[in-house]
Every structure is written in C-alpha cells, then in structure tokens.
Amino acid sequence: MSVQITPENLRTEVNNKLTVIDFWAPWCGPCKILDPILEELEKDYGDRMKFAKMNVDGNQAIAEKYHVLSVPSLVVFKNGQAVEKVTGVYPKEKLAKYFDQKLAEVAAI
C-alpha cells in the first residue's frame, strides 16, 4: 500500500533508489482512474521501487516546489532528488514500460 506523504515525512520517504509520488486530489476524476492502475503497478514493482501518494489539497507549497500544476502528476525521485514528472493518466502498460526504464537507469548507476 502506498505511503501517504506529508510535509513531515517527505524527506525520509523519498530517500530510496527510486520513489514515485502520485500527487492527487479527492475531487480529481482522472486521479480516480489512475489510482487502480497504480495499485496494480505497485503489486508488480513494489519490491523494486517505493510508491507514495500526496493529496495536493492543503499541500500546495510542496506541489509547487515540484512543479505540479495539474493532477494527477507522478514525480519520480532518485536517491531523494526529484528528477522527472509525468502528468496525466496513462495505461498500465505504458507506465510499466516507463518504470522499467527508470529502474534500468538506477541499476546502471
């Protein structure tokens, strides 16, 4: 199950080789579409990368820090540093291919 990110635990939770934070909002229709896709991907990739979620409502400063201007947005962290952002809803297969690329990049370091 994805870790809920708060301002207090953000630094600790992204301090991994690879972490993906789903920036979402309860009022966001596309976020509700993406959620079960990410749950399935977490089952497949959860042993190799960390999955987390942050509700942008009440956390606008953090969303702005990572240039999250619309939701859903996935921010990819490598070794605690935000390196990429993907915005929108994508099919499971496309996100799986993207995650495979990110894991290959981390393995090559």
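Residues numbered from 1 in each chain as written. Predicted model: local features only at pLDDT ≥ 70, side-chain atom pairs only at ≥ 80, totals over all residues. Heavy atoms only, no water.

So the rule is basically this: UniProt positions are given in the numbering used here, feature names are shortened, and annotations may be inferred rather than shown by experiment.
Under an unreviewed UniProt entry, the protein chain has the name Thioredoxin and belongs to Lentilactobacillus fungorum. The annotation that UniProt attaches to the protein chain under Sequence similarities (unreviewed entry) is "Belongs to the thioredoxin family."

**Here we look at the overall build of the protein chain**
Applicable threshold: Segments assigned H or I by DSSP are reported as helices when at least four residues long, segments assigned E as strands when at least two residues long, and all are numbered from the N terminus. To get the radius of gyration, use the C-alpha atoms; to get the globule rule, take the number of residues to the power 0.38 and multiply by 2.2 Å. Residue contacts follow a heavy-atom distance rule, with two residues in contact if any of their heavy atoms lie within 4.5 Å. In this description, accessible areas are obtained by the Shrake-Rupley approach with a 1.4 Å probe, and a residue is regarded as covered only by the protein chains that are shown. Within this scheme the basic residues Lys and Arg register as positive and the acidic residues Asp and Glu register as negative, but His and the chain ends are omitted. For this purpose, a charge sits on NZ of Lys, CZ of Arg, CG of Asp or CD of Glu.
In terms of regular secondary structure, the protein chain is built from 4 helices and 5 strands. N-terminal to C-terminal, the α/β element order of the protein chain is β-α-β-α-β-α-β-β-α. For 109 residues, the compact-globule estimate of 2.2 N^0.38 gives 13 Å, and the C-alpha radius of gyration of the protein chain, at 13 Å, lies within 12% of that figure. In the protein chain, the share of contacts with a sequence separation of at least 24, taken over all contacts with a separation of at least 6, comes to 71%. Carbon and sulfur atoms form 54% of the exposed surface of the protein chain, whose accessible area is close to 6200 Å². Averaging the coordinates of the 14 positive side-chain charges in the protein chain and doing the same for the 15 negative ones gives two points 4 Å apart.

**Here we look at the nonpolar core**
Formally: Nonpolar core, defined: a set of buried Ala, Val, Leu, Ile, Met, Phe, Trp, Tyr and Cys residues in which side-chain atoms within 4.5 Å join the residues together. Accessible area is worked out with a 1.4 Å probe on protein chains only. A residue is then buried under 20% of its type maximum, exposed over 50%, and partly exposed in between.
Core analysis: the biggest nonpolar cluster contains 19 residues, and Leu10, Ile21, Phe23, Tyr66, Val68 and Val71 have the highest contact counts within it. Counting residues per element, the ones that place at least two in this core are strand 2 (18-24), strand 3 (50-55), helix 3 (60-65) and strand 4 (73-78). Per element, the largest residue contribution to this core is 3 residues, and it comes from strand 2. Once residues lying within four places of it in the same chain are set aside, the contact partners of Leu10 are Ile5, Ile21, Ile62 and Tyr66. Listed in part, the 18 residues of the second largest apolar core include Leu34, Val86, Ala96 and Val106.

**Some details on the pairing of strand 5 (residues 81-87)**
Under the convention used in this document: Strands pair, by our definition, only if DSSP identifies at least two bridges between them.
The pairing of strand 4 with strand 5 spans 6 bridges and is classified as antiparallel. Each residue of the ladder has a partner; that of Val75, found in strand 5, is Lys85. The turn linking strand 4 back onto strand 5 is made up of 2 residues, and Asn79 within it adopts a positive phi angle of 50 degrees.

**A short note on helix 2 (residues 29-45)**
Threshold: Helices are assigned an expected span. That span is 1.5 Å times one less than the residue count. Bend is computed residue by residue as the angle between axes fitted to the seven residues ending at the residue and the seven residues starting at it.
Between its terminal C-alpha atoms helix 2 stretches 25 Å, which fits the 24 Å expected from 17 residues at 1.5 Å a residue. The largest bend along helix 2 measures about 25 degrees and falls at Asp35, with the proline Pro36 one to four residues further on. Listing the buried residues of helix 2 in full gives Cys31, Leu34, Ile37, Leu38, Leu41, Glu42 and Tyr45. At its buried positions, helix 2 is contacted by strand 2, strand 3, strand 4 and helix 4 (92-108).

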